[in-house]
Amino acid sequence: MIREVIVGLAAVVLLAYGIEFVFAWFDDPREPPRVKPTIPIPILGHVIGFFSMGLRITIFSEFYTIGVLNFKFYITHSPRITNQLAKSKVVSVRPFLRSAGRIHGTISEEAYATFDGHLADHFSDRTKDAMAPGPHMDEQNLRMGQESVVEVDALLSGNRKEMKLWEWSKNVIMQAMGVGLFGREHPFKDKEIADAMWTWDEHRSGHIFGFDPTGKGYAARAKVMEAMKKYLQNVPEDASQMLRERQRVVLEGGIGEEDAYKLQATLSNAYFNTIPTLYWTIYEIYSRPALLEAIREEIRNKALTQVGEDFHLNIAALQTTCSLLLSAMQETQRIRHAQVAFRMVLEDVTIDRYRLKKGYHLHMPAKPVHWDPSIWGAHVNHFDPYRFVPEIEKRPARIQKILPSNFLPWGAAPWLCPARQFAATEIMIIMALLALRVDLAPADGSGWDHEPPLKKVEISSLAHPKLDAPLRMNPRQDGVGNWKVEIGKSKARIVLTSG
Ligand code: HEM
């Protein structure tokens, strides 16, 4: 019996090697070279690698191919090649945005066929317009800022001595962004729906491969979609321009109501990207007392007015003048970004000296670019909060200019996140409110761990922490009072390095 099993296994392994060999045989020699899986199992090695390492892919060379059966992923981390890819018209993110509607949104075959070409472009373009600085963004930012104040007030009320940073980051973003995007009566006000959204997010990388053995992620998704359906049947007056525009465009474009709800529900990537960015920004800043003090000073001098016990935080001033806070947030993104920009090759094309074949995927991991000493200088591995400040003399590496193509947390041009101004504003507001109102330190008195363990598999731009960070809270006496946010100068724009 044992002999039969061994022979059977040997036959399977030989067959697997044979299959891999045959597929590799048809490669064009000009294509980026194939690499073997780090886990040396034919066919399954790369898949197991993905589930154990997530998107933090091992770097083999400037451009290489990972093949699984007859499918190929081209992977590059070279800024030179990334720049050329950005200019190519036949390398596009659009098919992924469309298939996200099908994989995560479960839209029907019919809607999938309709949501293409002009309609998909129109949908993206209207999203961009609606998220560009303007009166509607001012309103959205104000709503979101006001809800951030409510959440920080709640945190500091009732003599609480401790908070859990990850739990709190999740909640504050769910609520503040919920109010900004969907209005005060947003679907995630209901804790059960907010939790379901989170459970869905945690299962998304599995859903890409149809993997959710317990069905927990699918059940959570169904709950979110039901809530979204209920909400969209009667959109409130204070919903964002973006939400209204997206709904209008898909309905006018011939997508049925049921599928339109589902497409709106896929916007949840707003949460799983923003929450870790906020979490790590708070973490990196609070774990450096001198930096925290300098940021407090900057906000007090540039964006805060105080009359007696009334504090007014000016959003436009925060966006346009608090360059150290912005720099520290961007340095957090640089050092902690773990995402890959996905593209599809629409036609056979030659980029640099490499031939890429139609229909295959292209991945551009940001980390090798963000950690390249030829771009960022010898101190590339160090968190330097001054790296992005406008004054060159304060920058450690004295870099003259950081090119947008070298800083990729919002994606790679021309496909940048349309909500980057909104999300960055939200993080700066919440960070400012916390910095000025509360001292935070690890609850067990052990000091900040600069290398806390991370979760491996998820699809958000910054890795999630493996464990929450329990923190001791001490409200600051000089921040006690009535807090408000105000817009200040209308249509303000943050000068993000990515453009
Ligand atoms: C810190 C928070 C965020 C980060 C780091 C982030 C990052 C990204 C990235 C990397 C992409 C893909 C670009 C590419 O493929 O190269 C993207 C796309 C997108 N993001 Fe964000 N995002 C954030 C917050 C948000 C928020 C708050 C919203 C919505 C309110 C949003 C809406 C979108 C949309 C709609 C797209 C698809 C773009 C298109 O249609 O072309 N994101 N984002």
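In the block above lies the structure referred to throughout.
Residues numbered from 1 in each chain as written. Predicted model: local features only at pLDDT ≥ 70, side-chain atom pairs only at ≥ 80, totals over all residues. Heavy atoms only, no water.

*Asks:* Explain the site of the ligand to me, and be specific about the residues and the numbers.
*Replies:* Taken together, 23 residues sit near the ligand, with Ser124, Arg343, Trp415, Cys417 and Ala419 positioned nearest. Interatomic distance of 3.0 Å between a side-chain N/O atom of arginine 343 and an oxygen atom of the ligand. For the ligand, an oxygen atom lies 3.3 Å from a polar atom in the backbone of alanine 412. Here the shell around the ligand is composed, by residue class, of 15 nonpolar, 6 polar and 2 charged. (Near = heavy atom within 4 Å. Polar contact = N/O pair within 3.5 Å; in protein donor to acceptor, adjacent residues only side chain to side chain. Nonpolar A, V, L, I, M, F, W, Y, C, P; charged D, E, K, R; others polar.)

*Asks:* Account for the sheet that holds strand E11 (residues 438-442), with residues named and values stated.
*Replies:* Within a sheet, neighbouring strands are paired by backbone hydrogen bonds and run either parallel or antiparallel to one another. Taken together, the 3 strands give an open sheet; going across it, the order is E4-E12-E11, and neighbouring strands pair in antiparallel fashion. Either end of the sheet is taken by a strand with one partner, and the two such strands are strand E4 (162-164) and E11. Ignoring strand direction, the axes of neighbouring strands in this sheet form an average angle of 35°. The pairing of E11 with strand E12 (residues 470-475) spans 5 bridges and is antiparallel. Bridge assignment links alanine 441 to a residue of E12, and that residue is arginine 472. Its contacts with the sheet put helix H8 (residues 165-182) on E4 and E12, and the angle it makes with E4 is roughly 70°. (Pairing = 2+ DSSP bridges. Helix = DSSP H or I, 4+ residues; strand = E, 2+ residues; numbered from the N terminus. Axes fitted to C-alpha atoms, helices over the stretch in contact; angles between N-to-C directions. Contact = heavy atoms within 4.5 Å.)

*Asks:* Got a sec to walk through helix H12 (residues 241-252)? Specific residues and values, please.
*Replies:* For H12, which comprises 12 residues, the first-to-last C-alpha distance of 16 Å matches the rise-based estimate of 16 Å (1.5 Å per residue) to within 8%. Those residues of H12 not exposed but buried are Met242, Leu243, Glu245, Arg246, Gln247, Val249 and Val250. Turning to H12, the residues buried within the fold contact helix H6 (117-130), H8, helix H11 (216-232) and helix H13 (257-265). (Expected span 1.5 Å × (residues − 1). Buried < 20%, exposed > 50% of the residue type's maximum accessible area, 1.4 Å probe, protein only.)

*Asks:* Let's hear about the coordination of the iron atom of the ligand: which residues, and what values?
*Replies:* Counting protein donors to the iron atom of the ligand gives just one, Cys417 (SG), placed at 2.3 Å. Mapped onto the secondary structure, cysteine 417 falls in the loop between helix H19 (373-376) and helix H20 (420-437). (Donors = N, O, S within 2.8 Å, 3.2 Å for Na, K, Ca; no water.)

*Asks:* So what's going on with the pattern of salt bridges? Residues and values would help.
*Replies:* Overall, the coordinates contain 35 salt bridges when judged by the stated rule. Salt-bridge contacts for aspartate 28 lead to lysine 357; the nearest nitrogen and oxygen are separated by 3.5 Å. Separated by 329 residues along the polypeptide, aspartate 28 in the loop between helix H1 (2-25) and helix H2 (45-53) and lysine 357 in the loop between strand E9 (354-356) and strand E10 (361-365) bring together distant segments of the chain. The buried category is assigned to aspartate 28, whose relative accessible area is 12%. (Salt bridge = Lys/Arg side-chain N within 4 Å of Asp/Glu carboxyl O.)

*Asks:* For the environment of tryptophan 280, give the residues involved together with the corresponding values.
*Replies:* For tryptophan 280, the location among the structural elements is in helix H14 (residues 269-286). A relative accessible area of 1% places tryptophan 280 in the buried class. Sequence separation between tryptophan 280 and glycine 499 is 219 residues; the distance between their C-alpha atoms is 22 Å. Beyond its immediate stretch of four places on either side in the chain, tryptophan 280 contacts Thr332, Arg336, Pro452, Leu454, Leu462, Ala463, His464 and Pro465.

*Asks:* Can you lay out unusual backbone geometry for me, pointing to particular residues and giving the numbers?
*Replies:* The residue after alanine 413, namely proline 414, is reached through a cis peptide bond having omega 5°. By the secondary structure assignment, proline 414 is in the loop between H19 and H20. In this structure, threonine 106 takes a positive phi of about 50° despite not being glycine. Mapped onto the elements, threonine 106 comes out in the loop between helix H4 (94-103) and helix H5 (109-114). What makes threonine 106 partly exposed here is its relative accessible area of 26%. Although it is not a glycine, aspartate 352 adopts a positive phi angle of roughly 55°. By the secondary structure assignment, aspartate 352 is in the loop between strand E8 (349-351) and E9. Residue aspartate 352 is classed as partly exposed on the basis of its relative accessible area of 28%.

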